[in-house]
Amino acid sequence: MKTLKQAASGFNHIIQSCKSFKQLNQTHARMLKTGSKDKKLLSKLVSMYVVLDSMEDAQMVFDKISGSKNAFLWNEMIRGYATNGPYVEAIRLYYQMKRTGQLADTYTFNFVLKACSALEALEEGRKIHDEIVRVGCESDLYVGNGLVGLYCRCGAMEIARQVFDKMRKRDVVLWNTMIAGYATHGPFEQAVAFFYRMQEESGIKPDTFSFNFVFKACAELSDLEEGKRIHDCVVRSRLGLDIYVGNSLVAMYAKCGNMEVAREIFDSMPDRDVVSWNSIIGGYGNNEECSEALLLFNRMQMEGLKPTRVTMPSVLKALADLAAMQQAKAIHGYVIQRGFDSDVVVGTGLIDLYAKCGSVEIACQVFDKMSKRNVISWSAMIDGYGMHGHGDKALELFVRMEQAGLKPDYVTFVCVLSACSHGGLVDEGWHYFNYMIEYYCIPPREEHYACMVDLLGRAGHLDEAQNFIENIPFEPGVTVWGSLLAACGIHGNIELGEKVAKRVLELDPQNAGRYVLLSNIYAAAGRWDQVIKVRSLMKERMVKKNPGCSLIEINNKVHSFLVGDRSHLDFDKIDAMLENLAVHMKEAGYVPNTNFVLHDVEEEVKEDLLGRHSEKLAIAFGLIKTSPGTPIRITKNLRVCGDCHVATKFISMIVKREIIVRDAKRFHVFRDGNCSCGDYW
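Residues numbered from 1 in each chain as written. Predicted model: local features only at pLDDT ≥ 70, side-chain atom pairs only at ≥ 80, totals over all residues. Heavy atoms only, no water.

## A closer look at the overall build of the protein
Where we set the bar: A run of H or I in DSSP counts as a helix once it spans at least four residues, and a run of E counts as a strand once it spans at least two, with each numbered from the N terminus. Exposure is judged per residue with a 1.4 Å probe applied to protein chains only, and the accessible area is read against the type maximum: over 50% gives exposed, under 20% gives buried, and values in between give partly exposed. Residues are treated as being in contact if the distance between any of their heavy atoms lies within 4.5 Å.
In terms of regular secondary structure, the protein is built from 36 helices and six strands. If one aligns the C-alpha atoms of the protein with their principal axes, the spans along those axes are about 115 × 55 × 50 Å. Counting all 681 residues of the protein, 50% fall into the buried class. A fraction of 62% describes how many contacts in the protein between residues 6 or more apart in sequence connect residues 24 or more apart.

In structure tokens, the structure reads:
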């Protein structure tokens, strides 16, 4: 007997000293040889297997322990599964424990709630909550934390708030859980409110996690002023140099559009990780500073940090906005090399990238090769077809999506209706608008109404579009009215255009594009006195017009041209190319349409101004710098004017090149004197 006790004591010491799975497994094998069945020893063995994340072995030993098992042993197993997974096993063991008659304690509830939280098993968690209330453990700090954590993770913030308010003791972890819940699921204002309540009611100082979550809420709210106030709190707390707080600050300022401060914080951080770089790159990309985003992506790698899957969507978006096809192919190769192409978000980003670079064919190849597709992937491909004027293909893909068992969301229908608009598919647009409401019970948002107005307006049904707006069940915003104003410009309806413009300028008085639309309507009708009035109003309100700008990528570098731009180093060659093209174009029958010159000047001056529109400069530069037969890809920030559209058709025929132009609305693929849009844009 003395020998068995000594052996048990020896094994106990050995088990406690095991540092690896191999050592523990060898000790277990020796115990089996001695035939030891000491419960305490076996319980210790279970605990060590749990610590070493070997739940299969822990379960095997647990199952071999004969007789009743105490709460400690059950809790160890439940803790192991709740920590290491599979989480559902923790819940199964909890119910098995109850069936044996062993009473659960606060540790049991804490662990099983953790498993429910990991699984986001709200209903299962509520059943366990009922049991917690029945046995009187709800007021326990750890159990309360577990309940609040569960409900916050599942987005059930009202129940989380009720549990929170009943608790007598509150620590910073509990407050942070509530702040994080609101920052993730909303209402975001409550995250900020709880941040201040924590300090005012409980006197608890915020820690790193508090600041992380509250900055996330400020970012979601785009509340820069509140973010600045809390930033001051960070400075006073001396946590400003913490890498996690620094990352949150960069992300918050970037989301609120203040890239200057975001960059200052980023540059001042003594330590930066991949999250830091992702935040600043994403910030520049989302704020349309795409070139800077790409420069930082390259610098990130030069400094020895490897981009992650999270990095890539921001980079792909930046390249898409620049329509940088050569760089797109290079980054696609990088994505494949790193194995990121299997990621559905990255794959969707590639679809959007190629579609916006003018190659819907490659976008389709990427889509077809994706092993997994979600509703966002399908929507991106539908949108790609729509941008390129392939409305029929977009609608066919929508049907395929339904057949694949995916349920479209509101974004999918925006893409479908937009495709109908670009293709002039009025009947189909009405069908899918009603189908969205009646079959999928998706209430139309402003974007859907704007698409329908755009569809009707482009097709010339201006009265129908106006009646449609008047029947919208809420006060339509500037997006809806702006679509109608654009349609008035396309069809030269001055009377309706004036009425709509008045409403639009009341809603959006600082948007230069709205004034320009109205000015263009007047200019096209020769009403120069009204043009002058609109421009005077812009000056009075200090509204500046964005000049026409076209981009072209040559040898992995993006070149930009403004209307009448003479600053480019190759301007003399560009000018000579344009003069040469003008001669051949006139011989082929091209007549400049000076109605698109929105200045009251002589006819000869108008022709000269037309000839120096930004897209013509970019096309000429492309012809100089690329080999014969190479497609030319242009991106313009504004809608292509009618004269440039006609001129580019002639140029494509003369130089025998495919010219792909992405304007603010859609793609135009010019080939052999024709355009893919069929002159409908």
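## Some words on the environment of Ala-219
By secondary structure assignment, the location of Ala-219 is in helix H13 (residues 208-221). A sequence separation of 30 residues divides Ala-219 from Leu-249, and the C-alpha atoms of the two residues are 9.2 Å apart.

## Observations concerning the sheet that holds strand E3 (residues 632-636)
Note the following rule: A pair of strands is treated as paired once DSSP finds two or more bridges between them. Axis lines are fitted through C-alpha atoms, for helices just across the contact stretch, and the angle between N-to-C directions can take any value from 0 to 180 degrees.
The mixed open sheet is built from six strands, whose spatial order is E2-E1-E3-E4-E5-E6. Strands with a single pairing partner mark the edges of an open sheet, and in this sheet they are strand E2 (557-562) and strand E6 (674-675). Taken together, the four bridges between strand E4 (residues 659-662) and strand E5 (residues 667-671) define a ladder with antiparallel strand orientation. Looking at the pairing, Ile-659 lines up with Phe-670 of E5. The sheet strands contacting helix H36 (residues 642-655) are E4, E5 and E6, and the helix crosses E5 at an angle near 35 degrees.

## Details of helix H33 (residues 571-587)
Residues that lie three or four places apart on an α-helix share one face, since the helix turns once every 3.6 residues. Quick note on the threshold: A helix is expected to span 1.5 Å for every residue after the first. Picture the helix axis, draw a direction to every C-beta atom, and the arc is the one those directions span.
Along its 17 residues, H33 runs 24 Å from first to last C-alpha, staying within 8% of the 24 Å computed at 1.5 Å per residue. Of the residues making up H33, those classed as buried are Phe-571, Ile-574, Leu-578, Leu-581 and Met-585. Seen along its axis, H33 keeps its buried residues to an arc of 85 degrees; they face one direction. Facing away from the buried surface of H33 by more than 90 degrees, the exposed residues are Asp-572, Lys-573 and Glu-587. Looking at the buried residues of H33, the elements they touch are E2, helix H35 (614-625) and H36. A positive backbone phi angle near 110 degrees is found at Gly-589, which sits one or two residues after H33.

## Side note on the packing of helix H26 (residues 426-438) against helix H27 (residues 446-458)
Note the following rule: Roughly parallel means an angle under 35 degrees; roughly antiparallel means over 145; roughly perpendicular covers 65 to 115; every other angle is labelled oblique. Take the far helix as your reference; a near helix turned counterclockwise from it by less than a right angle gives a left-handed crossing, and one turned clockwise gives a right-handed crossing.
In the contact formed by H26 and H27, the axes pass within 10 Å of each other and the chain directions differ by 165 degrees. As the angle between them shows, H26 and H27 are arranged roughly antiparallel. Between H26 and H27 the crossing geometry is left-handed. Where H26 abuts H27, its residues Val-426, Gly-429, Trp-430, Phe-433 and Met-436 lie against His-448, Tyr-449, Met-452, Leu-455 and Leu-456.

## Focus on helix H32 (residues 528-540)
With 13 residues, H32 should reach 18 Å at 1.5 Å per residue; the first-to-last C-alpha distance of 18 Å fits that figure. Along H32, the residues classified as buried are Trp-528, Gln-530, Val-531, Val-534 and Met-538. Seen end-on, H32 carries its buried residues on one side only, within an arc spanning 160 degrees. Turned more than 90 degrees away from the buried face of H32, the exposed residues are Ile-532, Lys-533, Lys-539 and Glu-540.

## Things to note about the packing of aromatic side chains
What counts, and what does not: Pairing of aromatic rings covers Phe, Tyr and the six-membered ring of Trp, with a centre-to-centre limit of 6.5 Å; geometry is then stacked below 30 degrees between planes, edge-to-face above 60, and tilted otherwise. For a lysine, the NZ atom is tested; for an arginine, the CZ atom; a charge sits over a ring if that atom is within 6 Å of the ring centre and within 35 degrees of the ring normal.
Inspection of the entire model under this criterion finds 29 aromatic pairs. When the centroid spacing of 5.8 Å and the interplanar angle of 55 degrees are considered together, the rings of Trp-175 and Phe-194 count as tilted. Taken as a pair, Trp-175 in helix H11 (residues 172-185) and Phe-194 in helix H12 (residues 188-202) lie far apart in primary sequence, 19 residues in all. Here the two residues Trp-175 and Phe-194 agree in accessibility, since each one is buried. Aromatic ring contacts, followed pair by pair, group Phe-398, Phe-413, Tyr-432, Tyr-435, Tyr-439 and Tyr-440 into a single cluster. The ring of Phe-367 has Arg-373 lying over it, and the distance from NZ or CZ to the ring centre is 4.3 Å.

## Considering the pairing of E3
Each regular strand displays side chains that alternate between the two surfaces of the sheet. Within E3, four of the five residues are buried, leaving the element largely enclosed by the surrounding structure. Here strand E1 (residues 549-554) pairs with E3 via three bridges, running antiparallel. Pairing of Ile-552 across the sheet is with Ile-634, part of E3. As judged from the four bridges shared by E3 and E4, these two strands associate in the parallel manner.

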